[in-house]
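The chain contents come next:
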Amino acid sequence: MMANLLVQGTQMLLVLALAPLLTGLVRKVKARLTRRRGACVFQPYRDLARLLNKEAVLAHNASWLFRAVPYLLFAATWVAAALVPTFGTGLIFSWSADLIVITALLGSARFFLALAGMDVGTSFGGIGSSREVMISSLAEPAMIMIVFSLALVAQSTQLSTIASVMVAGVGLRVSLALALVALAIVAVAENGRIPVDNPATHLELTMVHEAMVLEYSGRHLALIELAAQLKLLLFLSLVACVFVPWGLAPAGAGAGALVLGMASYGAKLAAGAVLLAMFETSIAKMRVFRVPDFLGAALMLGLLGTLLLFVSRML
Amino acid sequence: MALAPTVQLLAALSAVAVLLVLAAGGVLLARGPYGRTVVYGGALVVTLLAAASALTAIAAPTGALVLPLGIPWIGANLRLDALSAVFLFVVNLGGAAASLYGLGYGRHDHAPERVLPFFPAFLAGMSLVPLAADAYTFLLAWEFMSLASWALVVSHDKEAGNVQAGLVYILMASFGTLALMLAFGLLAAGGGGFTFEAMRAAPPTGWAEAVVLALAMLGAGSKAGLVPLHVWLPLAHPAAPSHVSALMSGVMTKVAVYGFIRIVFDLAGPPDWWWGIPVIVAGAIAGVVGVLQALLQSDTKRVLAFSTIENIGLIFVGLGLALAFKASGFGGAAALAFTAALFHVFNHAAMKSLLFFGAGAVLTATGSRVMDRLGGLIHRMPVTSVAMLIGAAAISALPPLNGFASEWLVFQAILLSPELPAWGLKLAVPAAGALLALAAALAAACFVRLYGIVFLGRARSDEAANAHEVDAFSRAAMLALAAICVLAGLFPGLVIDALQPAVTALVGVRMPAQSEVAWLSIVPVAESRSSYNGLLVFLFIASSALLSAFVIHRLATGAVRRAPPWDCGFPNADPVTQYSAGSFAQPIRRVFARSLFAARERVEMPPPGSLAPARIEITARDPAWAFLFLPLAGLVERIATRANRLQYLTIRQYLALVFGALVLLLLVLALWT
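The structure contained in this document is the topic of the report that follows. Keep in mind it's a predicted model, so treat the numbers as computed, not measured. (Residues numbered from 1 in each chain as written. Chains lettered and ligands numbered in written order. Predicted model: local features only at pLDDT ≥ 70, side-chain atom pairs only at ≥ 80, totals over all residues. Heavy atoms only, no water.)

**Quick word on a positive patch on the surface**
Together, Arg287 and Arg290 of chain A together with Arg590, Arg594, Arg600 and Arg621 of chain B line one region of the surface with positive charge. Relative to the assigned elements, arginine 290 of chain A resides in the loop between helix H10 (255-282) and helix H11 (291-311). You can call arginine 290 of chain A partly exposed: its relative accessible area is 47%. (Patch = residues over 30% accessible without salt bridge, like charges linked within 9 Å, V, L, I, M, F, W, Y side chains within 5 Å. Areas by Shrake-Rupley, 256 points an atom, 1.4 Å probe, with all protein chains shown as cover. Salt bridge = Lys/Arg side-chain N within 4 Å of Asp/Glu carboxyl O. Lys, Arg positive; Asp, Glu negative; His and termini not counted. Charge placed at Lys NZ, Arg CZ, Asp CG, Glu CD. Helix = DSSP H or I, 4+ residues; strand = E, 2+ residues; numbered from the N terminus. Buried < 20%, exposed > 50% of the residue type's maximum accessible area, 1.4 Å probe, protein only.)

This is the structure:
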């Protein structure tokens, strides 16, 4: 019990501590790939600290919702990230929420952020929120379809159980391949990465996430940034624990297995960051109205994977 | 088998009687100073007592009673079983909330004599439907409910569109009753009796059961708002006063669901494997079409009415899955799907009533239902805005609120479906799952839009800028329903367990007892398969939010400065430059509604230098109107024009017609045998 609690606590702190580093690493690799030197990988930590030390500027019209949302957003994302197995599957609270709940927690976070975008009453916030819900209206069902595929293979929606089943090995499956592609597309869209959105831009024509949070500053912005970094970490962890589950420490494992799990987790995250950076530097940003086609492909792939599993357990 | 009348049955009947007396009292007192207080206060007390007694009746043994009314030799058969009790509870809970709300809201009614008599009558009709145990009583109560609600729909007949809404409503209601009447006729044909007991003893077979299923879907589905029979709903629900809108959308659609369950699960005998398919398909289509239509609307109450169609779709998918599982002999899975449907019935009654109350509060405070004339109400109406936020989050299926719990159960039931042997179901169920997930995501978008435009941002009109919080009764009704949404979400296991007697009665199997699961989690099948704990998720989120707030306020500067928003170089932007309801939905309209609803935008942009206003016109059509109802209306019109000639015949021609008809009938009779 105590050991399990310790694993869960370590996990919660670990995701929090690693999230800015992951973002820093992606930025660094992207910079190197475009022949720039790039900022130090620890720059996101400095940015967060700097934001924390600045006063929060609120628009005259901002309501209590505007001030409460950063905390809610951060909390929902953190809880979701804490429930994804990273270095070990023995998460003591994993039964309290399955993969559908994790998806829905991210949905809640987005719901409130989109509301906050509309709170001040400028067109920027509105454009961001409106585009965000358009993207999520396709990304969320695609995600649910991926969850269905995984759950049908593992006979469970419980992420710890899915990870254990995947560690034990389920063989190469068409449905899982489809789910992996779909999950990659959803992850790109959900995190506002190129080609769906550009986390580094401030251009009205293209921006989604940045437009929504344009009015935020100071500690509120720090929380929102941290939540966005956590979300990226969450999706990479999800891909890692479901599709490359090797190295995950089983429930009740000893210290050796846990250390091995952490090492492999770090390696997986680093590999994911490099892959993401390479993907982002090699393609161009899409027009907003091309995004539905992109996400529609994910939805169709997820549905196809689920259909295959309904038809045959072996595919 | 004759059962003795139980206390609960007698209590429910006396509640109906008292409500009818209140209706009569409403006629006399409406114009008087105490009319509102007497009618709504009386209805509040009666419905609360009836709800409490119904709650105890869910688990208690059933009771039956035959009153010497109605058709000779049959009488009025009344019966209270677990399923009736569940729906009686939902009806009276919704009724109590609406009465409480009406105590305050009714003050703003300029013609109380048109509402007060019909409100308790409507409640009485809705309470009587679940109690009926023969076809005659059922149809009588059903029709009474329809007529009372019709009177409420047209109560404010001077407002544009209300009379037309009433006409479409009464036409569809008559059609629905006709379909149900035919269904009962077929059910009675087997055993030769109009009581439910006789029908149950001799269920239809062969083609008759298919026709009964189709008629039940048409009859109950038209009242519940299944696509394409939904066209009356978005017209009629918003037309009524807000507390009646809440009853129609939140409660009356549930009575329709009851009618469907009673006929298909109880009276029509054991289901065939294919019964689930039309129900699942119709539900999934209603889910997506309803929410997409909601996204196109700019009237708050119409958005809510269309959203009801979506939720009814979710309920019907649950019911269809339950039918499929029951037919294939998967008792546990059928119990899960059926529980999910019933849970959502309860949830939707609470959430939708709450949202309609909120829309009514906004209407009272600002005089407008048009979203683009509202905005910024979170500053002016703090209590309403909190209650509405809870309602919007609940209906968007966000954890840990109640809407998520029932939707989660539906998804779990879908995940058990690969076991089903039939190929049709193997293809229909995953597709329905995808459509439901799409509908859920679009619902979140829809309610971000509704809440964001109405309550957030800056006021778009003077009325919105000068709005005031509504009266204490309305606030109390909204907060009570919001509390129900939160509690049912935190403790879903208790609701699931409470529903089990009804599930056992209809499906034969019950879900595992959730109250025995540790930590108040819910576990539909087995813990290794899936589990969810609303309370713990809530505690996790709350503690992380508080912890982060605490840490941040320790670490960071607490300085806050108020400043104008980022103006991008254009100071003092007018509030109309904010995103409007139409502009917010534009991306979704463009992605989804172009082909389905033929949504088009026409932009008139004057040349530079011209002072003419720029205009944007958005058009969309409901395919049900375009392809089903308008052609049908045209056909009826053409036939009527032709038949009109029969009015101007001579006596000789009339006599010849009668003679010809007589000969024809005799010929048919002779050839038939």
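**Quick notes on the packing of helix H15 (residues 382-395) of chain B against helix H19 (residues 472-490) of chain B**
Residues and elements named next belong to chain B. Contact pair H15 / H19: the axes reach a minimum separation of 9 Å and the direction vectors enclose 30 degrees. Seen along the crossing, H15 lies across H19 with a hand that is left-handed. Between H15 and H19, the residues in contact are Val383, Thr384, Ala387, Ile390 and Ala394 and Arg475, Met478, Leu479, Ala482, Cys485 and Val486, respectively. Split into classes, the residues belonging to the contact of H15 with H19 amount to nine nonpolar, one polar and one charged. (Axes fitted to C-alpha atoms, helices over the stretch in contact; angles between N-to-C directions. Left-handed = near helix turned anticlockwise from the far one by under 90°. Contact = heavy atoms within 4.5 Å. Nonpolar A, V, L, I, M, F, W, Y, C, P; charged D, E, K, R; others polar.)

**A few points about the environment of methionine 217 of chain B**
Residues and elements named next belong to chain B. As for its placement among the helices and strands, methionine 217 is situated in helix H8 (residues 207-224). You can call methionine 217 buried: its relative accessible area is 13%. Put simply, methionine 217 and valine 279 are 62 residues apart on the chain and 7.8 Å apart in space, counted from C-alpha to C-alpha.

**Brief notes about the pattern of salt bridges**
Overall, the coordinates contain 19 salt bridges over all chains when judged by the stated rule. Residue glutamate 280 of chain A pairs with lysine 30 of chain A through a salt bridge whose shortest N-O separation is 3.3 Å. Taken together, the residues glutamate 280 of chain A in helix H10 and lysine 30 of chain A in helix H1 (residues 2-33) connect sequence positions 250 residues apart. The exposure class of glutamate 280 of chain A is buried, given its relative accessible area of 2%. Salt-bridge contacts for glutamate 601 of chain B lead to arginine 589 of chain B; the nearest nitrogen and oxygen are separated by 2.8 Å. With glutamate 601 of chain B in strand E4 (residues 600-604) and arginine 589 of chain B in helix H22 (residues 581-596), this pair connects stretches of sequence that are twelve residues apart. Relative accessible area serves as the criterion here: at 36%, glutamate 601 of chain B is assigned to the partly exposed category.

**So, the interface of chain A and chain B**
Contacts between chain A and chain B engage 78 residues on the former and 84 residues on the latter. With both sides pooled, the region where chain A packs onto chain B buries about 7,200 Å², and carbon together with sulfur makes up 72% of that total. Contact with chain B buries area across many residues of chain A, yet Trp95, Phe111 and Phe310 of chain A alone supply 11% of it, more than any other trio. Applying the counting rule to chain A against chain B returns 31 residue pairs in polar contact (both at pLDDT 80 or more). Secondary structure elements with two or more residues in the side of chain A that touches chain B: strand E1 (56-59), helix H3 (64-82), helix H4 (99-119), helix H5 (123-154), helix H9 (218-243) and H11 of chain A. Among the elements that make up the side of chain A that touches chain B, the one with the highest residue count is H5 of chain A (18 residues). For the side of chain A that touches chain B, the residue count by class is 47 nonpolar, 21 polar and ten charged. Sheet analysis places E1 of chain A next to strand E3 (residues 560-563) of chain B, joined by four bridges and oriented parallel. Following the sheet pairing, valine 57 of chain A is matched in E3 of chain B by arginine 561 of chain B. (Buried area = accessible area lost by both parts, 1.4 Å probe. Polar contact = N/O pair within 3.5 Å; in protein donor to acceptor, adjacent residues only side chain to side chain. Pairing = 2+ DSSP bridges.)

**Points about the packing of aromatic side chains**
Enumeration according to the criterion identifies 23 aromatic pairs over all chains in this entry. Ring geometry for phenylalanine 148 of chain A versus phenylalanine 411 of chain B: centroids 5.6 Å apart, planes at 80 degrees, classification edge-to-face. Within this pair, whereas phenylalanine 148 of chain A is found in helix H5, its partner phenylalanine 411 of chain B is found in helix H16 (residues 402-415), the two belonging to separate chains. Judged by relative accessible area, which is 4%, phenylalanine 411 of chain B ranks as buried. For the ring pair phenylalanine 184 of chain B and phenylalanine 196 of chain B, a centre distance of 5.7 Å and an interplane angle of 20 degrees mean the geometry is stacked. Note that phenylalanine 184 of chain B is positioned in helix H6 (residues 162-191) and phenylalanine 196 of chain B in helix H7 (residues 196-201), a separation of twelve residues in sequence. (Phe/Tyr/Trp six-rings, centres within 6.5 Å; stacked < 30°, edge-to-face > 60°.)

**Considerations on unusual backbone geometry**
A cis geometry characterises the amide bond from isoleucine 194 of chain A onward to proline 195 of chain A, with omega recorded as 10 degrees. Position of proline 195 of chain A among the secondary structure elements: in the loop between helix H7 (174-190) and helix H8 (209-212). Following proline 399 of chain B, the chain continues into proline 400 of chain B via a peptide bond in cis, with omega recorded as 5 degrees. Unusually for a residue other than glycine, glutamine 155 of chain A sits at a positive phi of about 60 degrees. Following the sequence through the fold, glutamine 155 of chain A ends up in the loop between H5 and helix H6 (159-168). A residue is classified by how much of its surface remains accessible, and glutamine 155 of chain A, at 28% relative accessible area, is partly exposed. In this structure, alanine 397 of chain B is a non-glycine residue whose phi angle is positive, near 60 degrees. Relative to the helices and strands, alanine 397 of chain B is located in the loop between H15 and H16.

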